[in-house]
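Residue-level structure breakdown
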Amino acid sequence: MVHELETTSAWNTTSGGLHVHRNSLLHMSFYWGHKSQILFSGWPGSNAGMYALALMFVFVLAMIVEWLSYCSIIKPGANKVAAGFFQTGMHTVRAGLSYMVMLAVMSFNGGVFLAAIFGHAVGFLIFGSRAFKKSDKKPDLPPRK
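The rules behind the values
Residues numbered from 1 in each chain as written. Predicted model: local features only at pLDDT ≥ 70, side-chain atom pairs only at ≥ 80, totals over all residues. Heavy atoms only, no water. Helix = DSSP H or I, 4+ residues; strand = E, 2+ residues; numbered from the N terminus. Contact = heavy atoms within 4.5 Å. Areas by Shrake-Rupley, 256 points an atom, 1.4 Å probe, with all protein chains shown as cover. Phe/Tyr/Trp six-rings, centres within 6.5 Å; stacked < 30°, edge-to-face > 60°. Expected span 1.5 Å × (residues − 1). Buried < 20%, exposed > 50% of the residue type's maximum accessible area, 1.4 Å probe, protein only. UniProt positions renumbered as here; feature names shortened; annotations may be inferred. Patch = residues over 30% accessible without salt bridge, like charges linked within 9 Å, V, L, I, M, F, W, Y side chains within 5 Å. Salt bridge = Lys/Arg side-chain N within 4 Å of Asp/Glu carboxyl O. Polar contact = N/O pair within 3.5 Å; in protein donor to acceptor, adjacent residues only side chain to side chain. Axes fitted to C-alpha atoms, helices over the stretch in contact; angles between N-to-C directions. Parallel < 35°, antiparallel > 145°, perpendicular 65-115°, else oblique. Left-handed = near helix turned anticlockwise from the far one by under 90°. Nonpolar A, V, L, I, M, F, W, Y, C, P; charged D, E, K, R; others polar. Core = buried A, V, L, I, M, F, W, Y, C linked by side-chain atoms within 4.5 Å.

In terms of regular secondary structure, the chain is built from four helices and four strands. Within the chain, counting contacts between residues at least 6 apart in sequence, those at least 24 apart form 59% of the total. As presented, the chain carries roughly 9900 Å² of accessible surface, and 69% of it is formed by carbon and sulfur atoms.

Counted according to the given criterion, the structure contains one aromatic pair. Here tyrosine 70 and phenylalanine 124 contribute two aromatic rings whose centre-to-centre distance is 5.6 Å and whose plane-to-plane angle is 70°, an arrangement assigned as edge-to-face. Within this pair, whereas tyrosine 70 is found in helix 2 (residues 48–70), its partner phenylalanine 124 is found in helix 4 (residues 110–127), the two being separated by 54 residues in sequence.

On to helix 4, then. Taking 1.5 Å per residue as the helical rise, helix 4 with its 18 residues ought to reach 26 Å, and the 25 Å between its terminal C-alpha atoms agrees with that figure. Listed as buried for helix 4 are Gly110, Gly111, Val112, Ala115, Ala116, Gly119 and Gly123.

Before going further, it helps to examine the UniProt feature "transmembrane region" (unreviewed entry) in the chain. Those residues carrying the UniProt feature "transmembrane region" (unreviewed entry) are residues 48–69 in this numbering. The straight-line gap between the two end C-alpha atoms of residues 48–69 is 32 Å; of that span, 100% is helix and 0% is strand.

Here the focus is unusual backbone geometry. Non-glycine residue phenylalanine 108 carries a positive phi angle of around 65°. Relative to the helices and strands, phenylalanine 108 resides in the loop between helix 3 (80–105) and helix 4.

Looking now at a nonpolar patch on the surface. Among the surface-exposed residues, Phe30, Trp32, Phe113, Leu114, Ile117 and Phe118 lie close enough to one another that they form a single nonpolar patch of about 650 Å² accessible area. Within the secondary structure, phenylalanine 118 sits in helix 4.

Moving on, we come to the side chain of serine 129. Checked against the element boundaries, serine 129 lands in the segment after helix 4. Polar side-chain contacts of serine 129 include one of 2.6 Å to the backbone oxygen of leucine 125.

Two elements in contact, helix 2 and helix 3, have axes whose closest approach is 9 Å; the angle formed by their N-to-C orientations is 150°. When the axis of helix 2 is compared with that of helix 3, the two are roughly antiparallel. Between helix 2 and helix 3 lies a crossing whose hand is left-handed. Each of Phe57, Val58, Leu61, Ala62, Ile64, Val65, Leu68 and Ser69 in helix 2 lies in contact with helix 3, whose residues at this interface are Met90, Val93, Arg94, Leu97, Ser98, Met100, Val101 and Ala104. Of the residues in the contact of helix 2 with helix 3, the class split is 13 nonpolar, two polar and one charged.

Our focus in this paragraph is the nonpolar core. One finds Ile38, Val58, Met90, Leu97, Val101, Ala104 and Val112 to be the most contacted residues of the largest nonpolar core, which totals 18 residues. Where this core is concerned, the elements lending two or more residues are helix 2, helix 3 and helix 4. Considering each element in turn, this core owes the most residues, seven residues, to helix 2. Ignoring sequence-local partners within four residues, the contact set of isoleucine 38 consists of Trp43, Pro44, Tyr51, Ala54, Ala104, Ser107 and Val112.

Now the structure itself:
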């Protein structure tokens, strides 16, 4: 009877945006606090240090997405087939990391949202803006849509 109650309470929308589903809390609006679950079950949990680590992880993940969007690794004159496979691999990694950042933001934790936004902003400032550009080489990957 208890298991049935926990499963059906997930469909109860009168609880003010907080849903209980199979012993986990699902927030349906932004909230602030270090007691959260981001990307993996039980991580970071209720430990403030692990929450800070999770914020840094999301920040760095967003920066890596920006780096992959603006980097130029493939040398001019490289084998076109090998360069095409490498470019496809880079695109796949960028897409996967972008989805991980999106899923982290879908935890609806305000700190995670800000870490993702600032990670993208700092990544763009360093890798995509004119402030730190060393040359006018075109990036290997097309811009995200």
